[in-house]
Amino acid sequence: MNCHREDELLDALQRGFIGAELDAHAASCPSCNELRLVAGAFLDDNAHAMAEAPVPSSGAMWWRMQVRQRQENVSKARRSLLIGQGATLAIALALVVAFFGGDLAVAARDMVATIRLSTPLLLAAATSLLLAPIAGWVAIRQK
């Protein structure tokens, strides 16, 4: 059975002070008496663990704060770079559309028809287009 005063008793146990009236009720109510024993043991164990918990040295805490600050600064810089890259891409796409208009496919076909592209040239262009973002990523990761 649950008693309607269990919450009140638990709050009092957490505060560390049980009034006389609540103490008398806990002694007479089997549910509250059991709660007092079990919760009291847990709270005592918690207090004991908190008292024995190792506190890191000030140097270790300072180092952790510096590492965390550095990581936050890196994430802010990456976020700014990502926003800048997105804006640059949007502007580039807008310029391509404005320059070629609706005849983008026709202009691309005419350009390919006028320039005879060889297989080695296409492979070199594809390789450079693939390696450029990877090189940028490596450069950012090394900082």
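The structure this text deals with has already been given above.
Summary of the structure given here. These figures come from a predicted structure and were not determined experimentally.

Reading the values: rules and limits
Residues numbered from 1 in each chain as written. Predicted model: local features only at pLDDT ≥ 70, side-chain atom pairs only at ≥ 80, totals over all residues. Heavy atoms only, no water. Salt bridge = Lys/Arg side-chain N within 4 Å of Asp/Glu carboxyl O. Helix = DSSP H or I, 4+ residues; strand = E, 2+ residues; numbered from the N terminus. Buried < 20%, exposed > 50% of the residue type's maximum accessible area, 1.4 Å probe, protein only. 1 Å grid on protein atoms, 1.4 Å probe; cavity = no way out; pocket = protein on both sides within 12 Å on 5 of 7 lines; lining within 4 Å. Points joined across faces, edges and corners; volume = space filled by probe spheres on them. Nonpolar A, V, L, I, M, F, W, Y, C, P; charged D, E, K, R; others polar. Axes fitted to C-alpha atoms, helices over the stretch in contact; angles between N-to-C directions. Parallel < 35°, antiparallel > 145°, perpendicular 65-115°, else oblique. Left-handed = near helix turned anticlockwise from the far one by under 90°. Contact = heavy atoms within 4.5 Å. Core = buried A, V, L, I, M, F, W, Y, C linked by side-chain atoms within 4.5 Å.

The next subject is the pattern of salt bridges. Under the definition given, this model contains four salt bridges. We note a salt bridge from Arg 5 to Glu 21, for which the minimum N-O separation is 2.8 Å. Linking Arg 5 in the segment before α1 (6-15) with Glu 21 in helix α2 (residues 20-28), this pair joins segments that are 16 residues apart in sequence. Overall, the relative accessible area of 12% leaves Arg 5 in the buried class. Linking Arg 68 and Glu 72 is a salt bridge whose minimum nitrogen-to-oxygen distance equals 3.3 Å. Residue Arg 68 and its partner Glu 72 are located together in helix α4 (residues 58-100), separated by four residues, close to a single helical turn. Relative accessible area serves as the criterion here: at 57%, Arg 68 is assigned to the exposed category. Since its relative accessible area comes to 33%, Glu 72 is described here as partly exposed.

Our next topic: the layout of surface pockets. Left-over empty space is what a probe sized like a water molecule reveals as it rolls over the atoms. For the largest pocket, the calculated volume is near 220 Å³. Lining the largest pocket are Arg 78, Arg 79, Leu 81, Leu 82, Gln 85, Pro 133, Gly 136, Trp 137, Ile 140 and Arg 141. Counting only elements with at least two residues in the lining of the largest pocket, the list comes to α4 and α6 (119-141). Here the residues of the lining of the largest pocket sort into five nonpolar, two polar and three charged.

Taken N-terminus to C-terminus, the directions of α1 and helix α3 (residues 30-52) make an angle of 30°; their axes are 10 Å apart at the nearest point. By the angle class used here, α1 and α3 are roughly parallel. Remark: the crossing between α1 and α3 carries right-handed chirality. Listed contacts from α3 to Glu 6, Leu 9, Leu 10, Leu 13 and Gln 14 of α1 are Ser 31, Cys 32, Leu 35, Arg 36, Ala 39, Gly 40 and Leu 43. Class assignment of the residues belonging to the contact of α1 with α3 gives a composition of seven nonpolar, three polar and two charged.

A few words on the nonpolar core. Grouped together as the largest cluster of nonpolar side chains are nine residues: Cys 3, Leu 9, Ala 12, Leu 13, Leu 22, Ala 26, Cys 29, Cys 32 and Ala 39. Among the elements of the structure, α1, α2 and α3 are those that each provide at least two residues to this core. The leading source of residues in this core is α1, at three residues. When sequence neighbours within four positions are dropped, the list of residues in contact with Cys 32 reads Cys 3, Arg 5, Glu 6, Leu 9, His 25 and Ala 26.

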